[in-house]
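The chain contents come next:
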Amino acid sequence: MEFKQLEAFVAVVDYGSFSEAARRLYLTQPTISAHIRALEDELKVKLIIRTTKKISVTTKGYQLYDSAARMLHIRNNLIEDFTESKKRIIDLGVSTIPSSYLLPELLAEFGKHHPDVYFHSLQSDSLDAIGRVLDGSVDLSLAGQNTGDETCCFIPFCQDSLVIAAPVTDHYLQMEGKKLTFQDFIRDPIIIREKGSGTKKEMDLFLEKIGVAPTELNVVARMNDLESIKKSIVNGLGISILSARSVQDLKKTKQILLFTLDEAVHTRSFYIVYSKNRILKPHVRQFIHFVQDFYKSS
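To start, this report covers the structure provided alongside it. (Residues numbered from 1 in each chain as written. Predicted model: local features only at pLDDT ≥ 70, side-chain atom pairs only at ≥ 80, totals over all residues. Heavy atoms only, no water.)

### What to know about the nonpolar core
In plain terms, the rule: Here the nonpolar core consists of buried residues drawn from Ala, Val, Leu, Ile, Met, Phe, Trp, Tyr and Cys, with membership extended through side-chain atoms lying within 4.5 Å. Classification of residues uses two cut-offs on accessible area relative to the type maximum, computed with a 1.4 Å probe and protein chains only: under 20% is buried, over 50% is exposed, and between them is partly exposed. Put simply, DSSP marks the helices as runs of H or I at least four residues long and the strands as runs of E at least two long, and each gets a number from the N terminus on. Two residues form a contact once any of their heavy atoms are found within 4.5 Å.
Counting 39 residues, the largest nonpolar core has Leu140, Phe157, Ile272, Tyr274 and Ile288 as its most contacted members. Elements with a minimum of two residues in this core: strand S3 (88-95), helix H5 (96-113), strand S5 (140-143), strand S6 (152-167), strand S8 (218-223), helix H9 (226-234), strand S11 (267-275) and helix H11 (282-294). Looking at this core, the element that brings in the most residues is S6, giving 6 residues. Excluding residues that lie within four positions of it along the chain, Tyr274 makes contacts with Tyr26, Val133, Asp139, Leu140, Thr151, Cys152, Cys153, Ile155, Leu280 and Ile288.

### With respect to the packing of helix H1 (residues 3-15) against helix H2 (residues 18-25)
Test applied: Working convention: axes come from line fits to C-alpha atoms, limited for helices to the stretch in contact. Angles between N-to-C directions cover 0 to 180 degrees. Between 65 and 115 degrees an angle is taken as roughly perpendicular, under 35 as roughly parallel, over 145 as roughly antiparallel, and anywhere else as oblique. Two helices cross in a left-handed way if the nearer one is turned anticlockwise from the farther one by less than a right angle. They cross in a right-handed way if the turn is clockwise.
Where H1 contacts H2, the axes come no closer than 8 Å and their chain directions differ by 120 degrees. In terms of axis orientation, H1 runs oblique to H2. Considering how the two elements wind past one another, H1 and H2 form a crossing that is right-handed. Where H1 abuts H2, its residues Glu7, Ala8, Ala11, Val12 and Tyr15 lie against Phe18, Glu20, Ala21, Arg24 and Leu25.

### Re the side chain of Ser243
Rules: Side-chain atoms alone can form a polar contact between residues adjacent in sequence; in general such a contact is a pair of N or O atoms within 3.5 Å, and within protein one must be able to donate a hydrogen while the other accepts it.
With respect to the helices, strands and loops of the structure, Ser243 is situated in strand S9 (residues 240-243). Here Asp160 takes part through its side chain, which lies 2.3 Å from a polar atom of the side chain of Ser243. Among the polar contacts listed, one links the side chain of Ser243 to the backbone nitrogen of Arg245, at a separation of 3.2 Å.

### Digging into the packing of aromatic side chains
For the record, the criterion: Two rings from Phe, Tyr or Trp (for Trp, the six-membered ring) form a pair when their centres are within 6.5 Å of each other. A pair whose planes differ by under 30 degrees is stacked, one over 60 is edge-to-face, and the rest are tilted.
By the definition in use, this model includes 12 aromatic pairs. Judged by centre distance (6.5 Å) and plane angle (50 degrees), the rings of Tyr172 and Phe259 are tilted. With Tyr172 in helix H7 (residues 170-173) and Phe259 in strand S10 (residues 256-260), this residue pair connects regions lying 87 residues apart in the sequence. Here Tyr172 matches Phe259 in class, with each residue buried. Centre to centre, the rings of Phe294 and Tyr295 are 4.9 Å apart; their planes meet at 80 degrees, and the pair counts as edge-to-face. Assessed through its relative accessible area of 27%, Phe294 is described here as partly exposed. Members of the aromatic cluster, each reached through a chain of ring pairs, are Phe110, Phe119, Phe157, Phe287, Phe290, Phe294 and Tyr295.

Shown next, in the form of structure tokens:
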């Protein structure tokens, strides 16, 4: 008998539904069913009778519910007592752009309403941030790509677009206001992100859609650090295809020029990523709901 099985059972009884329990615990419905089935097999008793329209809890089920609810309460109190004065901590993986341009405003606003929640964030590229979810070292990650891993949930929470960022030179100033395609930039020196970056993956998808092979690009540098790319553009090394959110600071100070990519659909999403096999703590689920709602009007 495991705590995750008891938590799934208590949630089904509390919400009166397997699907609602799955939604509240951020698990799949088959996972909830498997947890209930494992309990019933171990205890050799039917706990929940499920029909197409409703569920009903058996007498033995209610007996288990009372004990399970108390056990979970005791467990939560023990965790709080032994984790630094009842601090509620979220271990968070974050890829480059969410870390620098989304997380500061998210944490500032979330902290106004939940000052007792503390964050331990680890920045990396998107693939590594998702890898941390897979190996269980973080509760969730905010990442710039969806790898399609079936053991994870990927919830889009914020939209972004790709732009061409160029240095402020006479050549590019003369191009402002004109109707341009990527072919107008194809011979220009370009700086690209290293593999593993969500932006790099989106750039590759964009080039594939418009029929441009990577070998056609005049690549002058490959960099893993976004800030180094931005400084290199400002200093005239070349152009780059970047996240619009990541370069708004330089655009406002007129240190770079931005050109939109009109040939193809070039919007991208940032994702909340968590494991389907992990029951999330209530304050982690609370943070997920907050992040989902934060950018709805933007």
